Amino acid sequence: GTYQDKIDKSTGKNLLDLNRTLGQPSDTTASNATKRKFNYNEVVKGISGNNYYYPQFVTSYNIQNQTISMTTGTTATYSLGFPIKIKANTTYTMSFDKSSANARVQVSYYASDGTYLNYESKTASFTFTTPSNCDFVLINFTGIETNTTYTFTNCILNEGSTALPYEPYGTR
């Protein structure tokens, strides 16, 4: 089989592993001009879709039983970010269920040196194509109201333009 076959066999179709420890970016400067790198086995609290970093704006979070719960602070739209190594010029689909119409899932694009490229913010499942210079993405879970708890379930990131049925990360 191909290398991709081996990846699919080892992790299943869901590329979003929620089982992570809390971490922070390589550079914790607040400015969105900051080049950032991330550990792929960590979740980052307080990153915005457009690369600002204020961890205090996510007041609490919980990841349990494949469910993400996060609470915004006095400033909304800061998120729990899940860095994922991806392929450039590739189409992916992000599917999820959410507790509120004001919940958002964002994808932030980064170059290999940590340069922030761009982001998209969506209220429902969506398909995106990574830029040619994209090396990794952050999948960010957030909401647009302050001091509000948002819950996300059935989260699956898969390669391709078709939303696949939910399966936990690591399902073979």
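Scroll up to find the structure.
Just so we're clear, the structure is a prediction, and the values are computed from it rather than from any experiment. Numbers given for residues are sequential positions, taken from 1 along each chain in its written order. Residues qualify for local features only when their pLDDT is at least 70, as the model is predicted, and side-chain atom pairs are given and counted only at 80 or more; totals for whole chains, interfaces and linings, by contrast, use all residues. Side-chain descriptors were evaluated using all non-hydrogen atoms of the structure, hydrogens and water having been removed beforehand.

Describe the pattern of salt bridges, naming the residues involved and giving the relevant values.
Should a side-chain nitrogen of Lys or Arg be within 4 Å of a carboxyl oxygen of Asp or Glu, the pair is scored as a salt bridge. Following the criterion strictly, the structure yields four salt bridges and no others. Note that Lys35 is salt-bridged to Asp113, the shortest N-O span being 3.1 Å. Placement of Lys35 in the loop between strand 1 (21–23) and strand 2 (42–48) and of Asp113 in the loop between strand 7 (103–110) and strand 8 (116–122) is noted, with a sequence separation of 78 residues between them. What makes Asp113 partly exposed here is its relative accessible area of 37%. Between Lys85 and Asp135 there is a salt bridge; the shortest N-O distance is 2.5 Å. One end of the pair, Lys85, is in strand 5 (residues 78–85); the other, Asp135, is in the loop between strand 9 (126–129) and strand 10 (136–143), and 50 residues separate them in sequence. Counting from the N terminus, the helices are DSSP H or I runs at least four residues long and the strands are E runs at least two residues long. Here the term buried applies to any residue with accessible area under 20% of the maximum for its type, exposed to any over 50%, and partly exposed to those in between, with areas from a 1.4 Å probe on protein chains only.

Which residues make up the sheet that holds strand 11 (residues 149–159), and what values do they have?
By this definition, two strands are paired if DSSP reports at least two bridges between them. Within the open sheet, the five strands sit side by side as 3-4-11-6-9. Their pairing is antiparallel. Whereas interior strands pair on both sides, the edge strands pair on one side only; in this sheet they are strand 3 (58–64) and strand 9. Adjacent strand axes in the sheet meet at a mean angle of 30 degrees when their direction is disregarded. Direction of pairing for strand 3 relative to strand 4 (residues 67–72): antiparallel, over a ladder of six bridges. Residue pairing in the sheet places Tyr61 in a bridge with Met70 of strand 4. Helix axes are fitted to C-alpha atoms over the stretch in contact, other axes to C-alpha atoms as well, and angles between N-to-C directions run from 0 to 180 degrees.

Could you give an account of the sheet that holds strand 5, naming the residues involved and the relevant values?
Through backbone hydrogen bonds, the strands of a sheet pair up, either in parallel or in antiparallel fashion. With mixed pairing, six strands are arranged side by side in an open sheet as 1-2-5-10-7-8. Taken across any chain shown, the strands that pair with only one partner, and hence form the sheet edges, are strand 1 and strand 8. This sheet shows a mean twist of 30 degrees between the axes of neighbouring strands, independent of strand direction. Sheet topology places strand 7 next to strand 8; six bridges connect them, and they run antiparallel. Looking at strand 8, one finds that Tyr109 is bridged to Asn118.

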